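Chain by chain, the residues run as shown.
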Amino acid sequence: MFRRKLTALDYHNPGGFDCKDETEYRNCIVWLEDQKIRHYKIEDRGNLRNIPGSEWPAAFQKYLQDVSSPFGEAERQEALDWLLGLAVRYEYGDNVDKYKNCPPLSTSSDKPVDPLVNLDSSSPDFKAGVTALANILKIQRHDDYLVILIFLPSQGLPVALDKHVLGFDTGDATLNEAALILRLLHVEELRELQTRINEALVSVQAIIADPKTDHRLGKVGR
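Predicted model only: the values in this text are computed from it and were never measured.

**Things to note about the overall build of the protein**
Inference 1: Check the secondary structure of the protein and you find nine helices and two strands.
Inference 2: The N-to-C order of helical and strand elements in the protein reads α-α-α-α-α-α-α-α-α-β-β.
Inference 3: The proportion of buried residues among the 222 residues of the protein is 23%.
Inference 4: For the protein, restricting intrachain contacts to residue pairs at least 6 apart in sequence, the fraction spanning at least 24 positions comes to 38%.
Inference 5: A total of about 16200 Å² of accessible surface is found on the protein, and carbon and sulfur atoms cover 55% of it.

Below is the structure:
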């Protein structure tokens, strides 16, 4: 749950952090304040640094109030996640130039190409592949293999949610799953929209590429 943010903050053990371990939890809070958030002056961090002390929960509750956290000491996971988010924002603020100069994930300037543009629908391999998919999904055969191909995305198939990445964490496993489902549905709607756009472009190109001349009107067109 916290691994990505801890990794971004260079925490010493992001993968093995156990939020349920009281000592580890308290040490992480102190580390965040000492290294990243630094809301208190050094001399004012004594109560928070007294990790074994019985008064630590009260000191932590006061700390959460002082940093304007919407969560209290009793909401352990939510409070920690909020503090991690605050630390990430401060980390970026302290190193704006460093992160601004990071190279993008993709340095290619080429625009994504629609794989259907250069598709040879008369190829035996293409026909065999479409036929195999149609048999698997139990789709009715059609003389035009492109018609079958267009119909394929509309077939409902089971989706393994654990194979997809949400990209953010709500702090609740059920909400994460619901958000992931909504995102996948949105992507599917975008794909359907792209298919319709492609069909419209093909129709327009067919008209432009095959004009008819009407000599009586003295112009080219339909």
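**Side note on the nonpolar core**
Inference 1: By size, the foremost hydrophobic cluster in this structure holds 27 residues, and its most contacted members are Leu32, Phe60, Leu80 and Leu83.
Inference 2: The set of elements that each furnish at least two residues to this core consists of helix H2 (22-37), helix H4 (56-66) and helix H5 (76-94).
Inference 3: For this core, the element with the most residues is H2, which contributes seven residues.
Inference 4: Those residues in contact with leucine 83 that sit more than four places away from it in its chain are Ile29, Leu32, Ile37, Phe60, Tyr63, Leu64 and Val67.

**Thoughts on the packing of aromatic side chains**
Inference 1: What the rule picks out here adds up to six aromatic pairs.
Inference 2: For the pair tyrosine 11 and tryptophan 31, a centre-to-centre distance of 5.0 Å together with 75° between the ring planes defines the contact as edge-to-face. Separated by 20 residues along the polypeptide, tyrosine 11 in the loop between helix H1 (3-8) and H2 and tryptophan 31 in helix H2 bring together distant segments of the chain.
Inference 3: Given a relative accessible area of 7%, tyrosine 11 falls into the buried group.
Inference 4: Seen in terms of ring centroids, tyrosine 25 and phenylalanine 60 are 6.1 Å apart; in terms of plane orientation they differ by 80°. Their pairing is edge-to-face. Note that tyrosine 25 is positioned in helix H2 and phenylalanine 60 in helix H4, a separation of 35 residues in sequence.
Inference 5: We classify tyrosine 25 as buried; its relative accessible area is 1%.
Inference 6: Residue classification places phenylalanine 60 among the buried positions, given a relative accessible area of 0%.

**Comments concerning the environment of leucine 80**
Inference 1: Topologically, leucine 80 is positioned in helix H5.
Inference 2: By relative accessible area, which is 0% here, leucine 80 ends up buried.
Inference 3: Considering only alpha carbons, one finds leucine 80 and serine 69, eleven residues apart in sequence, at a separation of 9.9 Å.
Inference 4: Each residue touching leucine 80, except ones within four places of it in the same chain, is listed here: Phe2, Phe17, Cys19, Tyr25, Cys28, Ile29 and Leu32.

**Here's the deal with the pattern of salt bridges**
Inference 1: Summed over all chains, the structure comprises eight salt bridges.
Inference 2: Measuring nitrogen to oxygen at the nearest pair gives 2.8 Å for the salt bridge that ties glutamate 22 to arginine 26. Pair noted here: glutamate 22 and arginine 26 are both in helix H2, with a separation of four residues, about one helical turn.
Inference 3: A residue is classified by how much of its surface remains accessible, and arginine 26, at 12% relative accessible area, is buried.
Inference 4: Where lysine 36 meets glutamate 91, a salt bridge forms, and the shortest distance between an N and an O atom there is 3.3 Å. Of the two residues, lysine 36 is situated in helix H2 and glutamate 91 in helix H5; the sequence distance between them amounts to 55 residues.
Inference 5: Taking relative accessible area as the criterion, glutamate 91 reaches 14% and is therefore assigned buried.

Parameters at a glance
- Residues numbered from 1 in each chain as written.
- Predicted model: local features only at pLDDT ≥ 70, side-chain atom pairs only at ≥ 80, totals over all residues.
- Heavy atoms only, no water.
- Helix = DSSP H or I, 4+ residues; strand = E, 2+ residues; numbered from the N terminus.
- Buried < 20%, exposed > 50% of the residue type's maximum accessible area, 1.4 Å probe, protein only.
- Contact = heavy atoms within 4.5 Å.
- Areas by Shrake-Rupley, 256 points an atom, 1.4 Å probe, with all protein chains shown as cover.
- Core = buried A, V, L, I, M, F, W, Y, C linked by side-chain atoms within 4.5 Å.
- Phe/Tyr/Trp six-rings, centres within 6.5 Å; stacked < 30°, edge-to-face > 60°.
- Salt bridge = Lys/Arg side-chain N within 4 Å of Asp/Glu carboxyl O.

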